[in-house]
Amino acid sequence: MIYPGYSDSSISHAIIETDGIFDLQGSAIKREFSNTLLFGGFIDEGMKGRSFEKHSAVNRFGINANAEIRYINGGGGFMKRDSVAWMIKGGYFALGNLIYGQDAFGLLFYGNESYLNTTADFSNTRLDFAQFQKIGFGIVNKKNKSSVTLNVVNVQNYVDGTIRKGELTQNEDGSQINLDIQGNMLATTGANFNKGLGLSLDVDYRILVPWGKSTTTFQVMAQNMGAAYIYNGMQKIAVDSNYSYSGFDFETLTSDSNPFGDDFSIIDSLGIEKRDVKRFVPLPGYLQVAKLVDVTSAKKVQSFFGIRLYPTFSSIPQLFAGAYWKPTELLHVAGSVTYGGFGNFRGGLFLTLNLKQVNWMLGTEDVFGGVSKKGYGESLVTKLIWKINS
């Protein structure tokens, strides 16, 4: 669901709805750094430094890219009930979340030189990522647009990794290194499109409540709540080891050559265990409670607000609020403020073209990130509602 959520008249005709979002958000990594890292380019020392100095003990970074299309057969009924319509939907989803400390960023992008004669602590690092598609069938209440949908899910890629304890201690010239690490990771492997199948449930419950001298609609939503069974191409990797090296430096360890000889395996020495597994995994669903705006209302200004939670991801709750303004019947404008999720405060801007049969919204949840490389992410959202033969 894209902010702000819409409520309008009851359904009496067929409707096609599409929405999509591409969103990068972090609490410390600047947009100039994340864009270069993800899409290619040269990361210079200044770029690294501007992001590194913003890091704290706990940092977050997330990506959310998804698109969905829905068809509601509002002109007919379902199972001889005229008050209910059937719906089919399909969607693509890619969501990732990283929780990490400043030392983890420093080791990865500066190497060990900044941590000589000290200990770099990269404990409590967590990575979640899921890429999947779904096809669903559901029913919709024509009067208030509450709905429930059961989806079949194809899992394309999945990662769930945690470093519970990670400490790298060096002497002053880097010739003696002690690595203490405990962690595990589940990750799909290979390029095949299908690695698992599952089921998920989408619920959109809307309730009309008194609001001042009139009423307004609140929405309780659950999306992609379910699980999938990974039966093709998943590995479990676990490590629990304390290992010391001496007589060479960190660069030698990470080079292509083997300082111990061809028969030495760093994986065996660290006690890394790898095995193929098949298992159920949770999908990255979310829960949201929000006040909607009514695009058919005569009010010039309406408020919207809410909270979103990802129960299976290591993100914090995301709060959002904003105002929806109708300067004309044709053009509507909305502004929002959000906090949480994978980052900190953001300001959003949304423009809506409201025609008789078509309602089209285009906007961003991060205005500053869209115009400045000093921002901490970027966002593009869109939503289209087409009322067929209305």
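Above this text sits the structure in question.
Here's a quick rundown of the structure. (Residues numbered from 1 in each chain as written. Predicted model: local features only at pLDDT ≥ 70, side-chain atom pairs only at ≥ 80, totals over all residues. Heavy atoms only, no water.)

Quick notes on the overall build of the chain
- For the chain, the helix and strand inventory stands at 6 helices and 21 strands.
- Taking the principal axes of its C-alpha atoms as reference, the chain extends roughly 80 × 45 × 35 Å.
- Scored against the burial criterion, the 390 residues of the chain give a buried share of 48%.
- In the chain, of all internal contacts separated by at least 6 residues, the share reaching a separation of at least 24 is 69%.
- When the accessible surface of the chain is split by element, carbon and sulfur atoms take 60% of a total near 18,900 Å².
- When the 36 positive and 35 negative side-chain charges of the chain are each reduced to one mean point, those points stand 17 Å apart. (Helix = DSSP H or I, 4+ residues; strand = E, 2+ residues; numbered from the N terminus. Buried < 20%, exposed > 50% of the residue type's maximum accessible area, 1.4 Å probe, protein only. Contact = heavy atoms within 4.5 Å. Areas by Shrake-Rupley, 256 points an atom, 1.4 Å probe, with all protein chains shown as cover. Lys, Arg positive; Asp, Glu negative; His and termini not counted. Charge placed at Lys NZ, Arg CZ, Asp CG, Glu CD.)

Things to note about the pairing of strand S19 (residues 346-354)
- In S19, alternate side chains face the same way, and those of Arg346, Gly348, Phe350, Thr352 and Asn354 are buried while those of Gly347, Leu349, Leu351 and Leu353 on the opposite face are not.
- Across 8 bridges, strand S18 (residues 331-341) lies against S19 in antiparallel orientation. Paired with Ser336 across the strands is Gly348, a residue of S19.
- The loop that links S18 with its antiparallel partner S19 comprises 4 residues. (Pairing = 2+ DSSP bridges.)

Considering the packing of helix H2 (residues 45-52) against helix H3 (residues 102-110)
- Relative orientation of the contacting elements H2 and H3 amounts to 170°, with a least axis distance of 11 Å. Here H3 runs roughly antiparallel to H2, going by the angle between their axes. Residues Glu45, Lys48, Gly49, Ser51 and Phe52 of H2 lie in contact with H3, whose contacting residues are Gln102, Phe105, Gly106, Phe109 and Tyr110.
- Partitioned by chemical class, the residues of the contact of H2 with H3 number 4 nonpolar, 4 polar and 2 charged. (Axes fitted to C-alpha atoms, helices over the stretch in contact; angles between N-to-C directions. Parallel < 35°, antiparallel > 145°, perpendicular 65-115°, else oblique. Nonpolar A, V, L, I, M, F, W, Y, C, P; charged D, E, K, R; others polar.)

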